[in-house]
Amino acid sequence: MEARIDKWLWAARIFKTRSIASDACKNGRVTINGVNVKPSRPLKVGEVVSVKKPPITYSFRVLKCIEQRVGAKLLPEIYENVTDPKQYELLEMSRISGFVDRARGTGRPTKKERRALDDFIDPALFGFDNDDDFDFED
């Protein structure tokens, strides 16, 4: 039995949509037994599919060829995860370093920074009451 690689990647819940799976194949992020593939490439039982999702490369051994999406509980019947444990270490390192390497002042403000901004902007800090006839627009 065979299935298209893009349909299988979608059906096995590796990609959220079939078009994303197809684009990944076209951009060279999907390989079967070490060879880049087109989205229409037929997939057979026993082949090893590698998917590059930066920063790591996942590897799956095909146990069943399907083209219809299945529930998450049935995934152990569809493929076996044969990803190298070193890849997961890479993922963990990138997660840890993602917070450390963020340059100060970039991205969304932290809770502490947000409170400091609120305190800075709060008109009560400047001694203005609601009774004052002060117009901020002038």
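Here, every reference points to the structure presented above.
Figured I'd write up the structure that's included with this text.

1. Details of the overall build of the chain
On a plain count of helices and strands, the chain comes out with 5 helices and 7 strands. Taken from the N to the C terminus, the helices and strands of the chain come in the order β-α-α-β-β-β-β-β-α-β-α-α. Contacts in the chain between residues far apart in sequence, at least 24 positions, make up 44% of those at least 6 positions apart. Summed over its atoms, the accessible surface of the chain is roughly 10100 Å², and 54% of this surface lies on carbon and sulfur atoms.

2. A short note on the side chain of Ser22
Examined against the element boundaries, Ser22 turns out to sit in helix H2 (residues 18–26). Each residue touching Ser22, except ones within four places of it in the same chain, is listed here: Asp6 and Pro39.

3. Some thoughts on the sheet that holds strand E7 (residues 79–81)
Here we have 5 strands laid out as an open sheet, ordered E3-E2-E5-E6-E7, and antiparallel in their pairing. Unpaired on one side and paired on the other, strand E3 (35–36) and E7 mark the two borders of the sheet. Pairing between strand E5 (residues 48–53) and strand E6 (residues 56–62): 6 bridges, direction antiparallel. Bridge pairing links Lys52 to Thr57 in E6.

4. Re unusual backbone geometry
With an omega dihedral of 10 degrees, the bond running from Pro54 to Pro55 counts as a cis peptide bond. By secondary structure assignment, the location of Pro55 is in the loop between E5 and E6. Even without being glycine, Arg13 reaches a positive phi, approximately 65 degrees. By the element assignment, Arg13 lies in the loop between helix H1 (5–11) and H2. Using a relative accessible area of 39% as the deciding quantity, one classes Arg13 as partly exposed.

Basis of the calculations
- Residues numbered from 1 in each chain as written.
- Predicted model: local features only at pLDDT ≥ 70, side-chain atom pairs only at ≥ 80, totals over all residues.
- Heavy atoms only, no water.
- Helix = DSSP H or I, 4+ residues; strand = E, 2+ residues; numbered from the N terminus.
- Contact = heavy atoms within 4.5 Å.
- Areas by Shrake-Rupley, 256 points an atom, 1.4 Å probe, with all protein chains shown as cover.
- Pairing = 2+ DSSP bridges.
- Buried < 20%, exposed > 50% of the residue type's maximum accessible area, 1.4 Å probe, protein only.

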